[in-house]
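Analysis of the macromolecular model
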Amino acid sequence: MPRAIRSPREPLLDVKEIQGNILAGFNKDQQLLLALTFRDIPAARRWLRRIAGQISSLELVNEFNSLFRKARASLGSDPAGMIATWANIAFSHPGLAKLTSVEDANGVPDGSFQVGLPARAATLRDQDPGGSADPTAHWKIGGTGNVPDVLLIIASDSISELRKAEDRLRPNSGDGPGEPQLIWEELGQTRPDLPGHEHFGFKDGVSQPGVRGRLHAKPDVFLTRRKLAHAAGKMQFAKPGQPLIWPGQFVFGYQSTDRETGDPVEAGKLKPAWLMNGSLLVFRRLQQNVAGFTRFVKDAASTIPGMTPERLGALLVGRWKSGAPVLRAADHDLPALGTSPLVNNDFLFTANSPPPVFLPGIRPPKPFPEAPADAHGLICPHAAHIRKVNPRDQDSDLGDQFDTLTRRILRRGIPYGPPIHDPATDDGVDRGLHFLCYQTSIEQQFETVQLDWANSPNKPTVGGHDVIIGQTSDQRRAFELLTNAGASTQKLTTPTQWVTPTGGGYFFAPSISALRDVLGVGS
Ligand code: N7H
């Protein structure tokens with residue numbers, strides 16, 4: 001039985017062991033994904049031993065990110081010439097089983113990882129656009145019969161440095177004979193016209209949970225910098241809108257969060273023990289139909305008195321394109337709010353947001369309109385994407401705000417494909433999002449958010465589907481807008497989905513020593 005720990009002293013994170021993209025995040029303008037399969041196990045191990053020293057740790061990524069932030073703060077702009085190139089690696093269940101044993105691979109405590117994404121796709125309501133019974137029949141990567149053993153992630157500020165790293169990291173004949181085979185690769189890139197925005201035009205990567213844990217033996221050197229002096233009640237925040245979550249929610253071997261009290265819960269025993277410091281990675285290649293989305297928003301807005309396409313888009317997402325939350329900017333976008341990191345995530349759904357009390361040395365942000373309580377979804381509809389996937393302080397069908405903490409994921413996505421020239425005209429070009437997220441339970445985190453909430457018309461709260469990512473058997477989704485101060489409901493129905501899975505997989509991202517000393521050794 002897990003037990004609550006009395007003193008919530010935060011654990012020391014094994015910064016040399018945990019891969020860097022999990023807790024620190026690469027956040028680079030270029031990110032290449034490579035999918036590989038093993039042909040010969042000794043050659044696979046030789047390759048893994050060769051590249052193990054080039055897999056970037058939390059320590060490395062976090063130190064660079066801190067230096068970069070400091071340089072940007074003093075310069076007032078991104079420091080030119082500060083370039084880093086990083087790599088991380090993860091294994092599917094078949095890949096892990098080939099390098100260890102089926103028994104060891106089954107030790108990863110997650111049923112969905114064990115069966116793999118193709119076996120879960122129909123349950124997630126993925127559909128084959130070609131009408132085949134297997135939703136993954138036309139996937140570019142990761143469909144039935146095409147599951148890679150390895151997913152390698154290479155990220156860099158510089159495309160030429162990224163290509164050099166790719167040359168170094170790719171299997172070559174020196175690892176062989178029978179070196180691992182590259183079966184797919186694709187580059188993700190920040191939009192050159194709108195950095196940080198995804199293809200529908202919205203700012204992405206705004207709201208991330210704050211992971212508890214220390215980087216250093218000194219008691220107060222935390223992974224997630226603390227900006228708030230204190231928070232009333234049991235829910236603690238690192239900065240406004242960023243709740244602190246025990247690291248076991250994202251990395252194996254650390255305390256996780258009790259879903260009823262939010263207290264830390266001791267980590268269970270891991271078998272095999274080398275799962276320690278590992279994490280589960282979900283990859284979804286999500287193709288976006290930008291023209292379809294744009295047309296729907298325009299046509300639907302024209303049926304609602306006083307509505308504009310921009311405002312309706314913001315209501316579907318819960319944020320304006322700038323990232324400004326509709327709860328603090330109900331009628332029109334406030335771009336300065338969207339880019340204000342201490343305010344753009346500062347809102348709750350059932351209570352007025354308390355005025356933040358910042359720690360000494362933190363310069364309070366410029367004031368913006370306050371975030372009022374909106375328990376009934378009059379300002380931010382219940383079915384808005386950000387409300388469906390994170391109900392914050394509002395009770396869900398599964399529990400209260402502490403349960404919701406246990407559903408959080410660390411998103412590490414990046415767009416792929418070129419931006420659309422005219423968002424209203426379909427140009428037939430393949431573009432979308434390489435959606436990546438880390439957690440320690442795919443079942444309780446990614447799948448709960450996608451399946452139980454986004455795909456449902458009445459969970460976590462009644463009010464419609466998530467029309468950004470929600471999937472239904474006939475692709476039609478309903479979205480409820482409350483008007484006349486809640487006296488009437490306007491129901492919108494989408495004719496189709498604009499986000500379609502076209503690849504992906506469930507992977508285990510091991511610790512750096514497990515990669516080198518377990519997966520990379522043996523016959
Ligand atoms: Fe979402 N979008 O552009 O509309 N997402 N998302 N997402 N998403 C978020 O806070 C988007 C997808 C989450 O804590 C924002 O970063 C698109 C999947 C979560 O307030 C925007 C796609 C899943 C959050 C988008 C996509 C999630 C979030 C607001 C697919 C999980 C944080 C900016 C192409 C199953 C919510 C931000 C919070 C935010 C969009 C996919 C989950 C703009 C286009 C598959 C947890």
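If you're wondering where the values come from, they're calculated on a predicted model, not measured in any experiment. (Residues numbered from 1 in each chain as written. Predicted model: local features only at pLDDT ≥ 70, side-chain atom pairs only at ≥ 80, totals over all residues. Heavy atoms only, no water.)

**Describing the pattern of salt bridges**
- For the structure on display, the rule yields 25 salt bridges.
- Ionic pairing is found between R516 and D517, a salt bridge with its closest N-O pair at 3.0 Å.
- The class for R516 is partly exposed, based on a relative accessible area of 39%.
- What makes D517 partly exposed here is its relative accessible area of 43%.
- Salt bridges linked by common partners bring R163, E166, R170 and E185 together as one network. (Salt bridge = Lys/Arg side-chain N within 4 Å of Asp/Glu carboxyl O. Buried < 20%, exposed > 50% of the residue type's maximum accessible area, 1.4 Å probe, protein only.)

**Quick word on the environment of T404**
- With respect to the helices and strands, T404 occurs in helix α13 (residues 401-405).
- With relative accessibility at 2%, the residue T404 sits in the buried group.
- Through-space distance from the C-alpha of T404 to that of P381 is 18 Å; in sequence the pair is 23 residues apart.
- Ignoring any residue separated from it by four or fewer positions in sequence, one finds T404 in contact with N390, P391, R392 and W453. (Helix = DSSP H or I, 4+ residues; strand = E, 2+ residues; numbered from the N terminus. Contact = heavy atoms within 4.5 Å.)

**Overview of the side chain of H434**
- Mapped onto the secondary structure, H434 falls in strand β13 (residues 432-439).
- In this structure the side chain of H434 is engaged in a polar contact, spanning 2.7 Å, whose partner is the side chain of E186.
- Sequence-distant contacts of H434, defined by excluding residues within four places in its chain, comprise L33, W184, E186, L187, G188, F283, R284, R285, G413, I414 and Y416. (Polar contact = N/O pair within 3.5 Å; in protein donor to acceptor, adjacent residues only side chain to side chain.)

**Quick look at the packing of helix α2 (residues 41-52) against helix α15 (residues 512-519)**
- The contact between α2 and α15 brings their axes to 9 Å, and the two run at 145°. As α2 packs across α15, the resulting crossing turns out to be left-handed. Residues R45, L48 and A52 of α2 lie in contact with α15, whose contacting residues are I512, L515, R516, V518 and L519.
- Partitioned by chemical class, the residues of the contact of α2 with α15 number six nonpolar, no polar and two charged. (Axes fitted to C-alpha atoms, helices over the stretch in contact; angles between N-to-C directions. Left-handed = near helix turned anticlockwise from the far one by under 90°. Nonpolar A, V, L, I, M, F, W, Y, C, P; charged D, E, K, R; others polar.)

**Section: unusual backbone geometry**
- Residue P177 follows G176 across a cis peptide bond; omega there is 5°.
- When you line up the elements, P177 lands in the loop between α8 (159-169) and β4 (181-189).
- The residue after K271, namely P272, is reached through a cis peptide bond having omega 5°.
- For P272, the location among the structural elements is in the loop between β9 (264-265) and β10 (279-288).
- The backbone of R125 sits at a positive phi, close to 70°, despite the residue not being glycine.
- A residue is classified by how much of its surface remains accessible, and R125, at 36% relative accessible area, is partly exposed.
- Positive phi, close to 50°, is recorded for A485, a residue that is not glycine.

**Brief notes about the site of the ligand**
- Around the ligand, a shell composed of 27 residues is seen, among which G205, V206, S207, H385 and R411 lie nearest.
- Measuring from an oxygen atom of the ligand, one finds a side-chain N or O atom of R392 at 2.8 Å.
- Note that an oxygen atom of the ligand is positioned 3.3 Å from one of the side-chain N or O atoms of R408.
- Listed by contribution, the elements that provide at least two residues to the shell around the ligand are β10, α12 (385-389), β13 and α14 (446-454). (Near = heavy atom within 4 Å.)

**Quick notes on the nonpolar core**
- Ranked by size, the top nonpolar core spans 72 residues in total, and within it I89, F91, L152 and L312 carry the most contacts.
- Residue contributions to this core peak at six residues, all from helix α9 (residues 290-302).
- Within the second largest apolar cluster, 37 residues are counted, among which are A90, A155, W184 and Y438. (Core = buried A, V, L, I, M, F, W, Y, C linked by side-chain atoms within 4.5 Å.)

**Observations concerning the side chain of S207**
- Structurally, S207 is set in the loop between β4 and β5 (210-211).
- In this structure S207 comes out as buried when scored by relative accessible area, which is 12%.
- In terms of polar contacts, S207 uses its side chain to reach the side chain of N345, at 3.3 Å.
- When near neighbours in sequence (up to four residues on either side) are disregarded, S207 contacts R319, N345, R392, R408 and R411.

**Section: the layout of surface pockets**
- The volume enclosed by the second largest pocket comes to roughly 620 Å³.
- Taken together, the residues of the lining of the second largest pocket break down into ten nonpolar, twelve polar and eight charged. (1 Å grid on protein atoms, 1.4 Å probe; cavity = no way out; pocket = protein on both sides within 12 Å on 5 of 7 lines; lining within 4 Å. Points joined across faces, edges and corners; volume = space filled by probe spheres on them.)

**Brief notes about the confidence of the model for the protein chain**
- Residues with a pLDDT of 70 or more make up 98% of the protein chain, whose mean pLDDT is 95.
- Note on residues 1-7: pLDDT is under 50 here. Beyond four places in sequence and across chains, it has ten contacts. (pLDDT = per-residue confidence, 0-100.)

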